[in-house]
Amino acid sequence: MNKSKVLVGIILLVYLAFIVSQFSNHHYLATVFDALILPLITITYFIGDHKKQVLFIVFLLAYSISDLMVLIVDHIPYELYYYIGNGLYILAYLTLLVKVLKSLSFLEIIKNFKLHLIVLIGLNVYIAYVLQVIVNPYVSMTNEYFVEIIYNVSMLLLLSASLLAYFYKDNKKSLFMFLGSLSIVFSEVIGVAYMYVAQQNLLNFISTTLTILAFYFFCKQTKLSNEEVNQFVG
């Protein structure tokens, strides 16, 4: 049997275990199963027979290691867990952002998508503001506050760049990248609501499911070429 299919089966079993644990209020088990899903997806990517991409590998490793750190949170200082964990997530988003930006022509973007840029800037400012409003009561004006800002900005820049890339390229690869970025942002927003507003099982389930969906889209786009088919690209 193909190793990838076996791993996909294991991922589904771990995901189901997470769901059962979450809705049975076994939150520690749910956290453990949640932390294992994305590293398993990363392993599946590594054993696949497609061409590996360096920036995407860095993204997968950084995100997976940060997820796994939750398993040792009780054995290391909180500050170490917080800064390293969030630093790895930021690195993951910035690495993916660089990957997207490499496929863009900024002159073409500015020339043909002025209105899109204005709308995206406004949307990013609004989402960043909402996230900070939610987090502010729980994070004082310390280094953690600025980490939260950098985290949110890197995530929103990835979403904006991937949307512009879809407008610019207008192909399936850029569509998958955008859908993955969109899923990640929704996952993060719902995750913030779960942590700071209402710790409801449904919110954590939706957040984790959206993250898995994002990784599915990200992995799918690595198998496609990045041909330009947009009418503005000559």
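Note that this is a predicted model, so its numbers are computed, not measured.

## A look at the overall build of the protein chain
Helix and strand counts for the protein chain come out as nine helices and zero strands. The order of helices and strands in the protein chain, counted from the N terminus, is α-α-α-α-α-α-α-α-α. Expected size for 234 residues packed as a compact globule is a radius of gyration near 17 Å; at 18 Å, the protein chain falls within 12% of this value. Across its three principal directions, the C-alpha atoms of the protein chain cover 55 × 55 × 30 Å. Buried positions account for 46% of the 234 residues belonging to the protein chain. Once local pairs closer than 6 in sequence are excluded, the contacts in the protein chain between residues at least 24 apart make up 74%. Here the protein chain displays about 12500 Å² of accessible surface, and carbon together with sulfur accounts for 70% of that area. Distance between charge centres in the protein chain, computed from 13 positive and 12 negative side chains, equals 15 Å.

## Notes on the packing of aromatic side chains
In the structure shown here, the tally under the stated rule is 20 aromatic pairs. Among the aromatic residues, ring-to-ring pairing joins Tyr-45, Phe-46, Phe-56, Phe-59, Tyr-63, Tyr-89, Tyr-93, Tyr-151, Phe-215 and Phe-218 into one connected group.

## Some words on the confidence of the model for the protein chain
Put simply, the protein chain has an average pLDDT of 86, and 93% of its residues get 70 or more. Per-element confidence in the protein chain ranges from a low mean pLDDT of 76 for helix α5 (residues 106-112) to a high of 95 for helix α3 (residues 54-68). Low pLDDT (under 50) marks residues 228-234, which in the prediction has 15 contacts with non-local residues, meaning those over four places away or in another chain.

## Here's the deal with the layout of surface pockets
Within this model, the largest pocket holds a volume of roughly 1200 Å³. Lining the largest pocket are 40 residues, and of these Val-70, Tyr-81, Tyr-89, Gly-191 and Met-195 sit closest to its centre. Of all elements in the fold, only α2 (27-47), α3, α4 (78-101), α6 (114-135), α7 (143-169), α8 (172-196) and α9 (201-221) reach the threshold of two or more residues within the lining of the largest pocket. Per-element accounting of the lining of the largest pocket gives the leading share, eight residues, to α8.

## Some points on the packing of α2 against α3
Running from amino to carboxyl end, α2 crosses α3 at an angle of 155°, the nearest separation of the two axes being 8 Å. As the angle between them shows, α2 and α3 are arranged roughly antiparallel. The two elements α2 and α3 cross, and the hand of that crossing is left-handed. Between α2 and α3, the contacting residues are Asp-34, Ala-35, Leu-36, Leu-38, Pro-39, Thr-42, Tyr-45 and Phe-46 on the first element and Phe-56, Ile-57, Leu-60, Leu-61, Tyr-63, Ser-64, Asp-67 and Leu-68 on the second. Across the contact of α2 with α3, the residue classes break down as twelve nonpolar, two polar and two charged.

## Brief notes about the side chain of Thr-42
Relative to the helices and strands, Thr-42 resides in helix α2. Beyond its immediate chain neighbours, meaning those up to four positions away, Thr-42 contacts Leu-60, Leu-61 and Ser-64.

## Thoughts on unusual backbone geometry
Of note in the backbone geometry, Asn-25 takes a positive phi value of approximately 65° without being a glycine. As for its position among the elements, Asn-25 is in the loop between α1 (3-23) and α2. For Asp-170, which is not a glycine, the phi torsion comes out positive at approximately 55°. The exposure class assigned to Asp-170 is partly exposed, which follows from its relative accessible area of 39%.

## Regarding a nonpolar patch on the surface
Where nonpolar side chains cluster on the molecular surface, the patch consists of Ile-43, Phe-46, Ile-47, Leu-61 and Ile-65 and spans about 400 Å² of accessible area. Among the elements of the structure, α2 and α3 are those that each provide at least two residues to the nonpolar patch. With three residues, the top contributor of residues to the nonpolar patch is α2. Looking at the element boundaries, Ile-43 is found in helix α2.

So, how was this worked out
Residues numbered from 1 in each chain as written. Predicted model: local features only at pLDDT ≥ 70, side-chain atom pairs only at ≥ 80, totals over all residues. Heavy atoms only, no water. Helix = DSSP H or I, 4+ residues; strand = E, 2+ residues; numbered from the N terminus. Rg over C-alpha atoms; globule rule 2.2 N^0.38 Å. Buried < 20%, exposed > 50% of the residue type's maximum accessible area, 1.4 Å probe, protein only. Contact = heavy atoms within 4.5 Å. Areas by Shrake-Rupley, 256 points an atom, 1.4 Å probe, with all protein chains shown as cover. Lys, Arg positive; Asp, Glu negative; His and termini not counted. Charge placed at Lys NZ, Arg CZ, Asp CG, Glu CD. Phe/Tyr/Trp six-rings, centres within 6.5 Å; stacked < 30°, edge-to-face > 60°. pLDDT = per-residue confidence, 0-100. 1 Å grid on protein atoms, 1.4 Å probe; cavity = no way out; pocket = protein on both sides within 12 Å on 5 of 7 lines; lining within 4 Å. Points joined across faces, edges and corners; volume = space filled by probe spheres on them. Axes fitted to C-alpha atoms, helices over the stretch in contact; angles between N-to-C directions. Parallel < 35°, antiparallel > 145°, perpendicular 65-115°, else oblique. Left-handed = near helix turned anticlockwise from the far one by under 90°. Nonpolar A, V, L, I, M, F, W, Y, C, P; charged D, E, K, R; others polar. Patch = residues over 30% accessible without salt bridge, like charges linked within 9 Å, V, L, I, M, F, W, Y side chains within 5 Å. Salt bridge = Lys/Arg side-chain N within 4 Å of Asp/Glu carboxyl O.

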